[in-house]
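Architecture and fold: a report
Listed here are the chains, written in short residue letters.
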Amino acid sequence: MPPETAQKPLGIFGGTFDPVHFGHLRLAEEAIDLLGLQGVRWIPAGRPALRDAPRASPRQRLDMARLAIAGNPRFTIDPAEVDAPEPSYTVPTLERLRRPGECGADRPLVLLVGNDAFAGMAGWHRWERLFGLAHVAVAHRPGYPVDPESLPAELAAALRGRWRRDPALLAASPAGYVVPFAMTPLDISATRIRALLSNGASPRYLTPESVIAHIHQHRLYTEN
Ligand code: ATP
C-alpha cells in the first residue's frame, strides 16, 4: 500500500450546530461505518458565512457539540473556527487542515454534508477548489431531493466524473470523489428545536439530554 493510502480517511463535519442534534450525531456515526472512516472531526463554524447569525454564541455551540460527542472515541472536535474573526468558509478550513502539522497533503479527507447543504455548494466561497482538497460524502436528508438531476447546472457540471458508488475508493486518493450515502432518515433540524424552545415546548429525544441541560442552564433559544 503506498504511504498516502496507509491511513483510513478522516471525516470532516462542519456545521452551525445551533444546536447540535441527533441528525448530526447519526450522520457522523453512520458515515464512519458506511464509508470506512477512521473517525470524524467536528468543526463548529464561528460566524457561518451564508446564513443568518446563529442564536447561540460560537462558544455555546462549541460547548454543546462537545457535550453531544462526549464519550465517543471516534469523534474529535476542532475549535479553531470558533474564535476566528473572519466568517467560516469550508474551502479555507480545508486548506488549513491540509497544512503540514495538521492532516498534511496526502491524508484522504472526506467532507460530510447533508444533501440540502450539498445542493447549495456552488454558492460557497471558492467552491471549485473543494474537490482538490477533499472527497465529499452526501447524506440523504428527509425532505430534500437526492437525484443529481435536481442539482444546479454549475454544480452538476463540476461533479461530472466525480460520482462514485464504492466508498472503498475514498481511501485510494486524498480528494476528488463524491459519494452519496443513505443514513437512517431523521427529520430533525436545529430550526425545529429552536422553535420548540421558543414556544416553551421540549426538544427531548431530538438532541442529547446533556445538550438540553446546557440549553436550559444558559436560557438559550427562549425568545422568538
Ligand atoms: P438549521 O435548521 O439551523 O439550518 P441544521 O439542522 O440544518 O440547522 P446545520 O448545523 O446547519 O444543522 O447542519 C450541519 C450539517 O448537517 C449540514 O451538512 C446539514 O445538511 C447536515 N444535517 C443537519 N441535520 C441533518 C439531518 N437531520 N439529516 C442529515 N443531515 C443533516
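Residues numbered from 1 in each chain as written. Predicted model: local features only at pLDDT ≥ 70, side-chain atom pairs only at ≥ 80, totals over all residues. Heavy atoms only, no water.

Some points on the sheet that holds strand β4 (residues 109-114)
Read across the sheet, six strands follow the order β3-β2-β1-β4-β5-β6 without closing on themselves; strand pairing throughout is parallel. At either end of the open sheet lies a strand with only one pairing partner, and these are β3 (75-77) and β6 (178-181). Ignoring strand direction, the axes of neighbouring strands in this sheet form an average angle of 30°. Across the sheet, helix α3 (residues 90-97) lies against β1 (10-15), β2 (39-44) and β4, angled at about 130° from β2, the strand it touches most. (Pairing = 2+ DSSP bridges. Helix = DSSP H or I, 4+ residues; strand = E, 2+ residues; numbered from the N terminus. Axes fitted to C-alpha atoms, helices over the stretch in contact; angles between N-to-C directions. Contact = heavy atoms within 4.5 Å.)

Quick word on the nonpolar core
The biggest cluster of nonpolar side chains holds 36 residues, and the ones touching the most others in it are L35, V40, W42 and L112. When neighbours within four sequence positions are excluded, L35 is seen to be in contact with V110, L112, A137, P167, L170, V179 and F181. Membership of the second largest hydrophobic core comes to 25 residues, among which are V91, V113, F118 and V178. (Core = buried A, V, L, I, M, F, W, Y, C linked by side-chain atoms within 4.5 Å. Buried < 20%, exposed > 50% of the residue type's maximum accessible area, 1.4 Å probe, protein only.)

Comments concerning the site of the ligand
Near the ligand there are 22 residues, and of these R51, D116, L186, A190 and T191 occur at the shortest range. R194 has a polar side-chain atom sitting 2.9 Å from an oxygen atom of the ligand. Calculation on the ligand without its partners gives an accessible area of 600 Å², and the protein chains cover 90% of this total. When grouped by side-chain class, the residues that make up the shell around the ligand number nine nonpolar, nine polar and four charged. (Near = heavy atom within 4 Å. Polar contact = N/O pair within 3.5 Å; in protein donor to acceptor, adjacent residues only side chain to side chain. Areas by Shrake-Rupley, 256 points an atom, 1.4 Å probe, with all protein chains shown as cover. Nonpolar A, V, L, I, M, F, W, Y, C, P; charged D, E, K, R; others polar.)

Considerations on the packing of helix α2 (residues 58-69) against helix α7 (residues 209-217)
Packing of α2 against α7 leaves a shortest axis separation of 8 Å and a crossing angle of 150°. The angle between the axes of α2 and α7 places the two elements in the roughly antiparallel class. The chirality of how α2 crosses α7 is right-handed. Listed contacts from α7 to Q60, D63, M64, L67 and A68 of α2 are S210, V211, H214 and I215. Within the contact of α2 with α7, the residues separate by chemical class into five nonpolar, three polar and one charged. (Parallel < 35°, antiparallel > 145°, perpendicular 65-115°, else oblique. Left-handed = near helix turned anticlockwise from the far one by under 90°.)

Points about the pairing of β2
With six of its six residues buried, β2 lies for the most part within the structure. Burial along β2 is two-sided: the residues G39, R41 and I43 and V40, W42 and P44 are all buried. By the bridge criterion, six bridges tie β1 to β2 in an arrangement that is parallel. Pairing of I12 across the sheet is with R41, part of β2. Assessed by its sense of winding, the connection that carries the chain from β1 through helix α1 (residues 22-35) to β2 is right-handed. Examined bridge by bridge, β2 and β3 share three bridges and lie parallel to one another. Bridge pairing in β3 places V40 opposite F75. (Right-handed = clockwise from strand over helix to strand, strands pointing away.)

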